[in-house]
Amino acid sequence: MLTRNVVVAESKRVDGSLLVEEPLDVEGYPKNPAGLKLEQVHVYVRHGERTPVRSRMADPPASIPELWQMCTVARRFRETVDSTATPGEPGAEGLWFKKGVETRDGRTAPNVCLLGDLTDTGKESTYKFGVALRKLYVEKLGFLPGTLQSENQAYFRSVDILPSLYSTNLSRTIESIEHIVHGLYPQTQCAADVIPSILVRNKVDENIISNILSCPQLGLLELQFAAAAAARWNPRLQSLDKELSKYINGKPIRVDGSPRTSGILDTVRSAAAHGLEVPDPFWDPEVINLIETAVSDEWFTIKSEEGRRLGMGRLLAEVSTKMQNKIEKAKADPLKILVYSTHDSALAALCNTFDVFDDKWPPFTSSVTFELFKKQSRPEWRSSLQILLGGLWKSHSEEEHYVRMRYKNKNMILPICAEDGKHLPGSPEFCTFSTFRQRVKELTPVNWTAECSPRT
């Protein structure tokens, strides 16, 4: 055996301290004010449950498994070996193979996950997220068609992040979006000639996450934020040493320790998400809240304008541009929904950028959405006039459109839209598009390369 038998907890705790999944709540989705019509939706969802990104706390008394046999799905593949081969020749039909994991000492066992892998549980939860998207936007709201007739109606993208400790590609976001798409538009709900496309960018071009790989200045800022968090929180974390150090080989609990506090939280959260036994102290709300607050400060608290520009500015510029295209082109722009598979850091950064982050680690399959609405208080003949007038209508049309941000199934009231005239009267969660767009313009780097160059 590669590891001890996995012991599943009898029941998940319900105090909320380690509940780490956030399903999309279809029934709780709020009804829109009268006169508002949904025009476009941007969905950013964290990948599903995964294994820890490093092996920690495997020794007694924590005894959290080092190797997780939780990857039974999609371990067999058929790959095209030679597309130029003549039919009937070897390689023409592809090659069957199985994917396995080998330990450093050469041992193997079935269904073992790599570090950071999406598990069977994660595949199931992301599929359910896709099903929930379908129930909400197809069945409940009638916003999307029941059958995907054209790829132009939907846009699917996955992000693959290069952590500072690894140089290999990660697969958990790609697998997550595959399962989300299967839940939203399974093959039976796609027209015969339509195959949904999932787009992935090279790491140096990625903008769904704070890309320190292509922006050294952002990397320096994040190191400064992390150092400041360590100075703030390490003295407070000392109070946990007596109770928790025995689970990490007697080492102290520190933001910049070894293991880091973030690594400890990652391990216990991943274990809890899969029903594995977690030491009792980590179920204590006071303990876990202190750890989580320190980790959130280290990883996610970016309050400087420069950090926000370099982190999320380019992404939000794309959001604003796509919404602007929808406003100007109306039905001539068929794009209705954009679904991005991403990471906890992206959700936190989006919330931080608009000053609505709750300082909690974003759960698996939690999501941020930006929804564009059109006010329908004017006669329909004005839509034809809008087309005729073109640019003359542009400034007025922006005032008739609103953006709503949602996170963890809740409406976010953005501080930038708090003043009268910057939101829908009586509904502060609906920010005027002109206000939203102006803030995004302020956040958009003018010269990305220059701004990303380290300051001397």
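The structure we're discussing is the one just above.
First, a word on what this report is: a plain description of the structure on this page. Computed from a predicted structure; not experimentally measured.

### A word on the packing of aromatic side chains
Move 1: Within this structure, the stated rule accounts for 12 aromatic pairs.
Move 2: With a centroid separation of 5.9 Å and an interplanar angle of 85°, the aromatic rings of Phe 300 and Phe 357 are classed as edge-to-face. Here Phe 300, found in the loop between α6 (285-299) and α7 (305-329), pairs with Phe 357, found in the loop between α8 (344-353) and β7 (367-375); they are 57 residues apart in sequence, far enough to count as distant. Side by side, Phe 300 and Phe 357 carry an identical accessibility label, which is buried.
Move 3: Ring geometry for Phe 354 and Phe 436: centres 5.7 Å apart, planes at 15°, overall stacked. Taken as a pair, Phe 354 in the loop between α8 and β7 and Phe 436 in helix α11 (residues 433-443) lie far apart in primary sequence, 82 residues in all.

### Some words on the pairing of β7
Move 1: β7 sits mainly inside the fold: 7 of its 9 residues count as buried.
Move 2: Relative to strand β8 (residues 401-407), β7 runs antiparallel, the two sharing 7 bridges. Paired with Thr 369 across the strands is Arg 406, a residue of β8.

### So, unusual backbone geometry
Most peptide bonds are trans, and most residues other than glycine sit at a negative phi.
Move 1: Of note, the bond from Pro 60 into Pro 61 is cis; its omega dihedral lies within 30 degrees of zero at 10°.
Move 2: On the secondary structure map, Pro 61 appears in the loop between β1 (36-46) and β2 (76-79).
Move 3: Omega for the bond connecting Ser 258 with Pro 259 falls within 30 degrees of zero, at 5°, which places this linkage in the cis form.
Move 4: Its place among the elements puts Pro 259 in the loop between α4 (241-244) and α5 (261-273).
Move 5: Backbone geometry at Ala 330 places phi at a positive 55°, although glycine is not the residue there.

### Observations concerning the environment of Thr 444
Move 1: Mapped onto the elements, Thr 444 comes out in the loop between α11 and α12 (448-451).
Move 2: Here Thr 444 falls in the partly exposed class, since its relative accessible area comes to 23%.
Move 3: In sequence terms Thr 444 and Gly 313 are 131 residues apart; their C-alpha atoms lie 4.5 Å from each other.
Move 4: Thr 444 has contacts with Arg 309, Gly 313 and Ala 317, leaving out every residue within four places of it along the chain.

### Here we look at the packing of helix α1 (residues 120-140) against helix α2 (residues 172-184)
Move 1: Running from amino to carboxyl end, α1 crosses α2 at an angle of 40°, the nearest separation of the two axes being 7 Å. By the angle between their axes, α1 is oblique relative to α2. At the point where α1 passes α2, the crossing takes the right-handed sense. Residues Lys 123, Thr 126, Tyr 127, Phe 129, Gly 130, Val 131, Leu 133 and Arg 134 of α1 form the contact with α2, whose own contacting residues are Glu 175, Ser 176, His 179, Ile 180, His 182, Gly 183 and Leu 184.
Move 2: Across the contact of α1 with α2, the residue classes break down as 6 nonpolar, 6 polar and 3 charged.

### Some thoughts on the environment of Val 368
Move 1: Considering the arrangement of structural elements, one finds Val 368 in strand β7.
Move 2: By relative accessible area, which is 0% here, Val 368 ends up buried.
Move 3: Along the chain, Val 368 and Leu 350 lie 18 residues apart, while their C-alpha atoms are 7.9 Å from each other.

### Section: the state of the cysteines
Move 1: The full count for this structure, using the stated rule, is 3 disulfides.
Move 2: With its sulfur 1.9 Å from that of its partner, Cys 417 forms a disulfide with Cys 431. Between Cys 417 and Cys 431 the sulfur-sulfur dihedral comes to about -75°; the bridge is accordingly left-handed. With Cys 417 in the loop between β9 (410-412) and β10 (423-424) and Cys 431 in strand β11 (residues 427-432), this pair connects stretches of sequence that are 14 residues apart.
Move 3: Given a relative accessible area of 2%, Cys 431 falls into the buried group.
Move 4: With its disulfide-bonded cysteines labelled consecutively along the sequence, the protein chain is connected as 1-2, 3-6, 4-5.

### Some words on the pattern of salt bridges
Move 1: Applying the stated rule across the entire model yields 21 salt bridges.
Move 2: Across the salt bridge formed by Glu 318 and Arg 201, the nearest N and O atoms sit 2.9 Å from each other. Here Arg 201 lies in the loop between β5 (198-200) and α3 (216-237) and Glu 318 lies in helix α7, a separation of 117 residues in the sequence.
Move 3: On the accessibility criterion, Arg 201 (29% relative accessible area) is partly exposed.
Move 4: Between Glu 292 and Arg 269 there is a salt bridge, with its nearest N and O atoms 3.2 Å apart.

### Regarding the pairing of β1
Move 1: With 10 of its 11 residues buried, β1 lies for the most part within the structure.
Move 2: Across 9 bridges, the pairing between β1 and β7 is antiparallel. Its bridge partner being in β7, Val 45 is matched across the sheet by Ser 367.

### Looking at α2
Move 1: A rise of 1.5 Å per residue sets the reference length of α2, with its 13 residues, at 18 Å; its end C-alpha atoms lie 18 Å apart and thus fit the reference within 8%.
Move 2: A large share of α2 lies buried, amounting to 10 of its 13 residues.
Move 3: Turning to α2, its buried residues are Arg 172, Thr 173, Glu 175, Ser 176, Ile 177, His 179, Ile 180, Val 181, Gly 183 and Leu 184.
Move 4: Elements in contact with the buried residues of α2: β1, α1, β4 (154-158), β5 and β6 (337-342).

What counts as what
Within every chain, residues take consecutive numbers counted from 1 along the sequence as written. Residue-level local features of this predicted model are given only where pLDDT is at least 70; pairs of side-chain atoms are given and counted only at 80 or more, and the full residue set underlies all totals for whole chains, interfaces and linings. For the side-chain quantities, the full set of heavy atoms in the structure was used; hydrogens and water were omitted. Aromatic pairing here means that ring centres of Phe, Tyr or Trp (its six-membered ring) are within 6.5 Å. Orientation follows from the plane angle: under 30 degrees is stacked, over 60 is edge-to-face, and everything else is tilted. Here a strand is any run of E in DSSP of at least two residues, a helix any run of H or I of at least four, and the numbering for each starts at the N terminus. Accessible area is worked out with a 1.4 Å probe on protein chains only. A residue is then buried under 20% of its type maximum, exposed over 50%, and partly exposed in between. One bridge is not enough; two strands pair if DSSP finds at least two bridges between them. Contacts were defined at the residue level, with two residues in contact if any of their heavy atoms lie within 4.5 Å. In this analysis, axes come from line fits to C-alpha atoms, helices being fitted only over the stretch in contact, and the angle between any two N-to-C directions falls in the range 0 to 180 degrees. Relative orientations are named as follows: roughly parallel for angles under 35 degrees, roughly antiparallel for angles over 145 degrees, roughly perpendicular for angles from 65 to 115 degrees, and oblique for any other angle. By definition, any crossing whose near helix is turned counterclockwise from its far helix by less than a right angle is left-handed, and any crossing with a clockwise turn is right-handed. Note on residue classes: Ala, Val, Leu, Ile, Met, Phe, Trp, Tyr, Cys and Pro are nonpolar, Asp, Glu, Lys and Arg are charged, and everything else, Gly too, is polar. Here, a disulfide means two cysteine sulfur atoms that sit within 2.5 Å of each other. A carboxyl oxygen of Asp or Glu within 4 Å of a side-chain nitrogen of Lys or Arg is what we treat as a salt bridge. In this scheme, a helix's expected span is set at 1.5 Å multiplied by one less than its residue total.

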